[in-house]
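# Notes for the structure review
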Amino acid sequence: MVLADLGKRINSAVNNALSNSQDDYTTTVDVMLKSIVTALLESDVNIKLVSKLRTNIRNKLLESKSKSTNTAQTKKLIQKTVFDELCNLVDCETQPFQPKKKKQNIIMFVGLQGSGKTTSCTKLAVYYSKRGFKVGLVCADTFRAGAFDQLKQNAIKARIPFYGSYTETNPVKVAAEGVAKFKKEKFEVIIVDTSGRHHQEEDLFQEMVEISQVVKPNQTIMVLDASIGQAAEQQSKAFKDSADFGAIILTKMDGHAKGGGAISAVAATKTPVIFIGTGEHVHDFEKFSPKSFVSKLLGIGDIESLLEQFQTVSNNEDTKATMENIQQGKFTLLDFQKQMQTIMKMGPLSNIANMIPGMGNMMNQVSEEETTQKMKRMVFVLDSMTKQELESDGRIFIKEPSRLIRVARGSGTTVFDVEMILMQQQMMARMAQSSKAAQQGGKMPGMPNIPGMPNVSPAMMQQAQQKLRQNPSLMKNMMNMFGGGQGGGLPGMGGGMPDMNEMMKMMQDPQMQQMAKQFGMGM
Ligand SMILES: Nc1nc2c(ncn2[C@@H]2O[C@H](COP(=O)(O)OP(=O)(O)OP(=O)(O)O)[C@@H](O)[C@H]2O)c(=O)[nH]1
């Protein structure tokens, strides 16, 4: 993902500061800030923004130091301050327009050619359609030959009604007719795709203004290719002057380019990013929230986005039940099963892995295909559990271990596979508990006041990951545990039992025990 390197570098700057006990506090903060500043500048973030971030972090850390009485508190202070200031960098604190049911909400798209407008129009149409809105797409791009065909193909695939013309060359006329048609038919969300050009030409801006005058959009969205670097800022300012957009969609966040320019564009136009595009597929579309974005950037997982993503592709009733459970601080095996089935529908697993604490980095070490196979095995395991087992919190397996063997046999997997699922379900259950604690205003044990943070700090996670990388056999076992890995699981006995020697060795390893403790699981 774009900015993945930036996240790693910021993370390591923070972790070095946390483990540094030699320098005095001010020197430690300055060394950390130097690394963070270099990483941000090299990712194309505007120098003024970086300088403001540096001053804010430094002032806060030096001012608050006197209040923290011990090392643990100081560490939390550093983590939280860096987290908050990175959030401020991408948060313009403006509430974007929200379409309302039973009203006619008109949304107009603008942006340069190839930025991903047409693709994002369809993604947004699907997003609202899945949430119960009656959505129509209008193609007002009469400039590019084939634009209407592209929108038509996308719309047919996604089963979204569309409007366009092969013969009419006036985009203003097509836009007006399309919107009028959908309004008459009581559509609730009408999305108008306009044409893009290579440059910010006068003609393009004039056309946008004219279309805007006839369709009178409730919201204008600018689509910005995240990989264009420093040019993003200039481009978005030019569009802002003519089209006065109220929201940004950042596309191609799955690429490898630097994304700092896009971050700077957000700050320069004081306009909220509402979604990010993370691939060409219609479901590669994530609702943007500053906290979620920074959580993912720093590799600390993001349960909020995970749930949001689930809502898009999952059965509403199932998601509602899981949401209710999570709100009560619970996450049963049945929730796990339903959501695993949904995950399989959610597109590339690497996208999802980035939202689960610790899984993103691990996914980088194994192939997508192997991981998909492992995920399938997990679904088989869950499908082999009884209703009573699924509705339980998992402790039933500890009380009656024979159930482990039965499920392993029934699913054609190993007891080890079943145990690993129970372990992951425990992790999710702990995250649900943390979320509940956060909602109730209680401080979480991991890092205070960050919704969705599990009981594992980024520093702890990174330390654990470093240890795993230094020890390949441990790594392999962990891969198996998280559904990845090279070896297709630990060697089984008679198709049902795991290699107990191997398993015991793993459980007794102090590093493993420490990791288990960090995840809040006794081993
Ligand atoms: N990897 C990736 N590709 C994307 C994303 N969004 C769009 N694309 C691809 O980018 C290319 C251009 O996308 P379009 O939607 O045609 O762009 P456009 O802005 O409508 O272009 P014009 O209609 O010519 O103005 C297509 O190949 C899309 O599949 C994204 O989030 N990630």
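Along each chain, the written sequence defines residue order, and numbers are assigned to residues from 1. Local features in this predicted model are restricted to residues of pLDDT 70 or higher, and side-chain atom pairs are both shown and tallied only at a pLDDT of 80 or more, whereas totals for entire chains, interfaces and linings draw on every residue.

To keep it simple, the criterion reads: UniProt positions are given in the numbering used here, feature names are shortened, and annotations may be inferred rather than shown by experiment.
The name given to the chain in an unreviewed UniProt entry is Signal recognition particle 54 kDa protein, and the organism recorded there is Lachancea fermentati. Looking at the chain in UniProt, the text filed under Subunit (unreviewed entry) is "Fungal signal recognition particle consists of a 7S RNA molecule (scR1) and at least six protein subunits: srp72, srp68, srp54, sec65, srp21 and srp14." In the Sequence similarities (unreviewed entry) part of its UniProt record, the chain is described as follows: "Belongs to the GTP-binding SRP family. SRP54 subfamily."

### With respect to unusual backbone geometry
Definition in use: By definition, any uninterrupted DSSP run of H or I lasting at least four residues is a helix, any uninterrupted run of E lasting at least two residues is a strand, and each is numbered from the N terminus.
Residue D44 is not a glycine yet carries a positive backbone phi of 80°. Within the secondary structure, D44 is located in the loop between α2 (25-42) and α3 (47-64). Look at K102: it is not a glycine, yet its phi comes out positive at around 60°. Inspection of the secondary structure puts K102 in the loop between α4 (71-90) and β1 (105-110).

### A look at the site of the ligand
For the record, the criterion: Nearness here has a simple definition: the residue's C-beta atom, placed using the backbone, must lie within 6 Å of the molecule or strand.
By nearness alone, 23 residues border the ligand, and G116, K117, T118, G196 and G277 come closest of all. The set of elements that each furnish at least two residues to the shell around the ligand consists of α5 (117-130) and α6 (147-158).

### A closer look at the nonpolar core
For clarity, the threshold we go by: The term nonpolar core refers to a group of buried residues, namely Ala, Val, Leu, Ile, Met, Phe, Trp, Tyr and Cys, whose C-beta atoms join them within 7 Å. Backbone-placed C-beta atoms define the burial measure: a residue is buried with 20 or more other C-beta atoms within 10 Å of its own, exposed with 12 or fewer, and partly exposed in between. Per the annotation, domain bounds derive from an automatic or database assignment of domains.
Counting 85 residues, the largest nonpolar core has L137, V138, I191 and V192 as its most contacted members. When residues of this core are sorted by domain, at least three fall in each of domain 1 (4-90) and domain 2 (105-297). I326, F397, L404 and V407 belong to the second-largest nonpolar core, a separate cluster that totals 24 residues.

### Considering the pairing of strand β5 (residues 219-225)
For clarity, the cut-off: Strand pairing is defined by DSSP finding a minimum of two bridges between the two strands.
The buried fraction of β5 is high, at six of seven residues. Here β1 pairs with β5 via four bridges, running parallel. Looking across to β5, one finds that I107 is bridged to Q219. Sheet analysis places β5 next to strand β6 (residues 247-251), joined by five bridges and oriented parallel.

### A word on the pairing of β1
Burial analysis of β1 places six of its six residues in the buried class, which makes it a mostly covered element. Alignment of β1 against strand β4 (residues 189-194), held across five bridges, turns out to be parallel. Across the sheet, residue I106 finds its bridge partner in β4, namely I190.

### As for helix α11 (residues 290-297)
Counting buried positions over the eight residues of α11 gives seven, a clear majority of the element. Turning to α11, its buried residues are K291, S292, F293, V294, S295, K296 and L297.

### A word on the packing of α2 against α3
Going by this rule: All axes here are fitted lines through C-alpha atoms, helices being fitted over the stretch that makes contact, and every angle between N-to-C directions spans 0 to 180 degrees. Here roughly perpendicular refers to angles of 65 to 115 degrees, roughly parallel to angles under 35, roughly antiparallel to angles over 145, and oblique to all remaining angles. Note on convention: the crossing is left-handed when the near helix lies turned anticlockwise from the far helix by less than a right angle, right-handed when the turn is clockwise. Contact definition: two residues whose C-beta atoms, as placed from backbone geometry, lie within 7 Å.
Contact pair α2 / α3: the axes reach a minimum separation of 10 Å and the direction vectors enclose 160°. If you check the angle between α2 and α3, you find them roughly antiparallel. Crossing angle aside, the handedness with which α2 passes α3 is right-handed. In contact with T26, V29, L33, V37, L40 and L41 of α2, α3 contributes I47, V50, R54, I57, R58, L61 and L62.

### Here we look at the UniProt feature "domain: SRP54-type proteins GTP-binding" (unreviewed entry) in the chain
Listed under "domain: SRP54-type proteins GTP-binding" (unreviewed entry) in the UniProt record, and renumbered for this structure, are residues 272-285. As annotated, residues 272-285 has a helix share of 0% and a strand share of 43%, and its two end C-alpha atoms lie 16 Å apart.

### Side note on the sheet that holds β1
Strand order in the open sheet formed by eight strands is β3-β2-β4-β1-β5-β6-β7-β8, with mixed pairing between adjacent strands. On the outer flanks of this sheet lie β3 (162-163) and β8 (285-287), each paired with one strand and no other. Relative to β3, strand β2 (residues 135-140) runs parallel, the two sharing two bridges. Bridging across to β3, V138 finds its partner in Y163.

### Concerning the environment of F109
Looking at the element boundaries, F109 is found in strand β1. Between the C-alpha atoms of F109 and T220, which are 111 residues apart in sequence, the distance is 5.9 Å. Ignoring anything within four residues of it in the chain, the contact list for F109 reads K117, S120, C121, I191, V192, D193, T194, I221 and V223.

### A look at the confidence of the model for the chain
Applicable threshold: Scored between 0 and 100, pLDDT is the confidence that the predictor attaches to each residue.
Taken over all residues, the pLDDT of the chain has a mean of 76, while the share at 70 or more is 71%. This stretch, residues 511-523, has a pLDDT under 50; its non-local contacts, to residues over four places away or in other chains, come to 22 contacts. On the interface metric, ipTM, the complex scores 0.97, and its pTM is 0.64.

### Topic: the packing of helix α9 (residues 231-243) against helix α10 (residues 260-269)
Between two packed helices, what matters for the description is the angle formed by their axes and the separation of those axes. Condition: For this classification, the nonpolar set comprises Ala, Val, Leu, Ile, Met, Phe, Trp, Tyr, Cys and Pro, the charged set comprises Asp, Glu, Lys and Arg, and every other residue, Gly included, is treated as polar.
Two elements in contact, α9 and α10, have axes whose closest approach is 7 Å; the angle formed by their N-to-C orientations is 35°. In this structure, α9 crosses over α10, and the sense of that crossing is right-handed. Between α9 and α10, the residues in contact are A231, A232, E233, S236, K237 and K240 and G261, A262, S264, A265, A268 and T269, respectively. For the contact of α9 with α10, a count of residues per class yields five nonpolar, four polar and three charged.

### Points about the environment of L404
Position of L404 relative to the elements: it lies in helix α20 (residues 402-411). Classification of L404 by C-beta neighbours within 10 Å gives buried; the count is 21. Sequence separation between L404 and F416 is twelve residues, and the spatial gap between their C-alpha atoms is 8.8 Å. Non-local contacts of L404, meaning those with residues more than four positions away in its chain, are made with F397, V415, V418 and E419.

### Considerations on α6
As a reminder of what qualifies: To estimate how far a helix should reach, multiply one less than its number of residues by 1.5 Å. Note that the arc is computed from the directions linking the helix axis to the C-beta atoms.
When the terminal C-alpha atoms of α6 are compared, their 17 Å separation across twelve residues agrees well with the 16 Å that a helix rising 1.5 Å per residue should span. Looking only at α6, the buried set comprises A147, F148, L151, N154 and A155. For α6, the arc enclosing every buried residue in end-on projection is 135°, short of the 170-degree limit, so these residues lie on one face. Along α6, the residues that are exposed and aim more than 90 degrees away from the buried face are D149, I156 and K157. Its buried side turned inward, α6 meets α5, β2, β3 and β4.

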